[in-house]
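These are the residues of each chain, in order.
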Amino acid sequence: MQKNTFYKLIIIVLMISLLAAGCGKNQAEELPEYKGSDFLMDTLVQMKVYAYNGDKIIDESLARIRELENLMSVTLEESEIYQINQHAGKGVQVSQDTLRVLNKALEYAELTKGSFDPSIGPLVELWGIGSGEERVPTNEEILKAKNLVDYRKVMISPDQKVRLAQPKMRLDLGAIAKGYAADEVSKIFAEHNINSAFVNLGGNVLVFGNKPDGSDWKVGIQDPRENRGNVMAAVSVSDKTIVTSGNYERYFEKDGVIYHHIIDPATGRPARTGLLSVSIISDSSFDADALSTSVFIMGLEAGKKLVNKLDGVEALFITDDLEVDITSGLKDKFELMSEDFVLIKDEN
Ligand code: AMP
Ligand code: MG
């Protein structure tokens, strides 16, 4: 081959590869954006998917969340959790999904020595927070309901039957089921080989891959004092979940006191540990959901100790005094957006 022809060939090959690279980039940028939302699991579910079949992926994901709600809702009469509660004292056969969620909940109950407790149902019912029938119960009522809360009395037999040891015990998987659902949606994203999507189940956010332009997702942290959608900070992440538990999610106010939905089984009352919210950042939404509720109840000191013991888990705490405490792994990913809050540096 002549020298000239050789150079020409190289130039053509180079041009083709540049063109191909350009096309690939454009294609990725031009992937259609599909949005979907529905009210499921007692919360607004919002999704965004970048893919040609994004609408189908959203339908499949919402159907999966609905399926899980139908298994684990405390209010739907056909759900497995409703059946377990109605037949407390007797064994009820459950699906793999319910079993997985219940087992994980019991794992966190052990880990937190009962601060997290999936048998919290009698106390949740008593306070009625979010039910429209909220009220401050008497001490006697609280004591009675508190005595029914004990995760060690939730029995699981090898043939997948769940039995509550006492008749008036009640399961409530509200602190963990959304996290499981988010991870199940993430599995659907992966099965469809997409690169960019997110799902938000009322503060339980999972970002899949990067944004379509290849940059990190910026996930807003809710200002606990404001209406939903008002953010006070942002965390930049890809392929992660950010799950927040806060006193603003569901609450009622009586005589100037806020009574919220996260109950400390030790007192039988809404947990008061000086925190307005806790956000957990990790790979598993299932674990992050259980952890955010657990850590909210445990408080800043004990909660931070627990988070620091766990691999790949970061946390963001907002205290009653509007101080923001973040674990070391978040330092370069965190951006404070409101001057009302003060960032405290983590020493660990
Ligand atoms: P989350 O928003 O994930 O923190 O979950 C709060 C929900 O979990 C409440 O609405 C209750 O249904 C349930 N819950 C409240 N207190 C507890 C607790 N101590 N352990 C487990 N679940 C709880
Ligand atoms: Mg939770």
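Residues numbered from 1 in each chain as written. Chains lettered and ligands numbered in written order. Predicted model: local features only at pLDDT ≥ 70, side-chain atom pairs only at ≥ 80, totals over all residues. Heavy atoms only, no water.

Could you give an account of the overall build of the chain, naming the residues involved and the relevant values?
Assigned secondary structure in the chain consists of nine helices and 19 strands. By residue count, 49% of the 348 residues in the chain fall in the buried class. Within the chain, contacts between residues separated by at least 24 positions form 58% of all contacts whose residues are at least 6 apart in sequence. Surface accessibility of the chain: about 17,600 Å² in total, with carbon and sulfur atoms responsible for 49%. Charged side chains of the chain number 38 positive and 53 negative; the gap between the two group centres comes to 3 Å. (Helix = DSSP H or I, 4+ residues; strand = E, 2+ residues; numbered from the N terminus. Buried < 20%, exposed > 50% of the residue type's maximum accessible area, 1.4 Å probe, protein only. Contact = heavy atoms within 4.5 Å. Areas by Shrake-Rupley, 256 points an atom, 1.4 Å probe, with all protein chains shown as cover. Lys, Arg positive; Asp, Glu negative; His and termini not counted. Charge placed at Lys NZ, Arg CZ, Asp CG, Glu CD.)

Go over the sheet that holds strand β5 (residues 161–164) with me, naming the residues and quoting the values.
If you walk across this open sheet you meet the three strands as β3-β5-β4, and the pairing is antiparallel. Lying at the two open borders of the sheet, with one neighbouring strand each, are β3 (91–93) and β4 (154–156). Across the sheet, the axes of successive neighbouring strands diverge by a mean angle of 25°, strand direction being ignored. Strand direction decides the pairing type here: β3 and β5, joined by three bridges, are antiparallel. Across the sheet, Gln93 pairs through a bridge with Lys161, a residue of β5. (Pairing = 2+ DSSP bridges. Axes fitted to C-alpha atoms, helices over the stretch in contact; angles between N-to-C directions.)

Quick one: what's the story with the domain arrangement of the chain, residue by residue and with numbers?
The domains assigned to the chain are domain 1 (33–67 + 189–343) and domain 2 (79–164). The C-alpha-based centres of domain 1 and domain 2 are spaced at 23 Å. The interface of domain 1 with domain 2 comprises 24 residues on the first partner and 23 residues on the second. Together domain 1 and domain 2 conceal approximately 2,000 Å² of surface at their shared face, both sides included; 71% is due to carbon and sulfur atoms. If you sort the residues of domain 1 by the area they bury against domain 2, Phe252, Pro265 and Phe286 come out on top, with a joint share of 28%. There are two salt bridges connecting domain 1 and domain 2. A salt bridge links Arg64 to Asp97, with the shortest nitrogen-to-oxygen separation between them at 2.9 Å. The interface formed by domain 1 and domain 2 includes six residue pairs in polar contact (both at pLDDT 80 or more). If you list the elements that add at least two residues to the side of domain 1 that touches domain 2, you get β11 (251–254), β12 (257–260), β14 (269–270) and α8 (285–298). At eight residues, the largest contribution of residues to the side of domain 1 that touches domain 2 is made by α8. (Domains from an automatic or database assignment. Buried area = accessible area lost by both parts, 1.4 Å probe. Salt bridge = Lys/Arg side-chain N within 4 Å of Asp/Glu carboxyl O. Polar contact = N/O pair within 3.5 Å; in protein donor to acceptor, adjacent residues only side chain to side chain.)

An account of the site of ligand 1 is needed here, citing residue identities and associated values.
Among the 16 residues in the neighbourhood of ligand 1, the closest are listed as Ser115, Asp117, Ser245, Ile263 and Thr293. For ligand 1, a nitrogen atom lies 2.9 Å from a polar atom in the backbone of Asp117. Between ligand 1 and His261, the relevant distance is 3.0 Å, taken from an oxygen atom to a side-chain nitrogen or oxygen of the residue. Out of a free accessible area of 500 Å², ligand 1 has 94% covered by protein chains. Counting residues per element, the shell around ligand 1 draws most heavily on α8, at three residues. Taken together, the residues of the shell around ligand 1 break down into eight nonpolar, five polar and three charged. Two domains share the shell around ligand 1, each providing at least three of its residues, namely domain 1 (33–67 + 189–343) and domain 2 (79–164). (Near = heavy atom within 4 Å. Nonpolar A, V, L, I, M, F, W, Y, C, P; charged D, E, K, R; others polar.)

Tell me about the environment of Pro212, and name the residues and values.
Along the polypeptide, Pro212 turns up in the loop between β7 (204–209) and β8 (217–222). Separated by 126 residues in the primary sequence, Pro212 and Ser338 place their C-alpha atoms 28 Å from one another.

How would you sum up the packing of α8 against helix α9 (residues 300–309)? Please name residues and give values.
Between α8 and α9, whose axes approach to 6 Å, the crossing angle comes to 145°. For the pair α8 and α9, the contacting residues are Leu291, Val295 and Met298 in the first and Leu300, Ala302, Gly303, Leu306 and Val307 in the second. Among the residues forming the contact of α8 with α9, the class breakdown is seven nonpolar, one polar and no charged.

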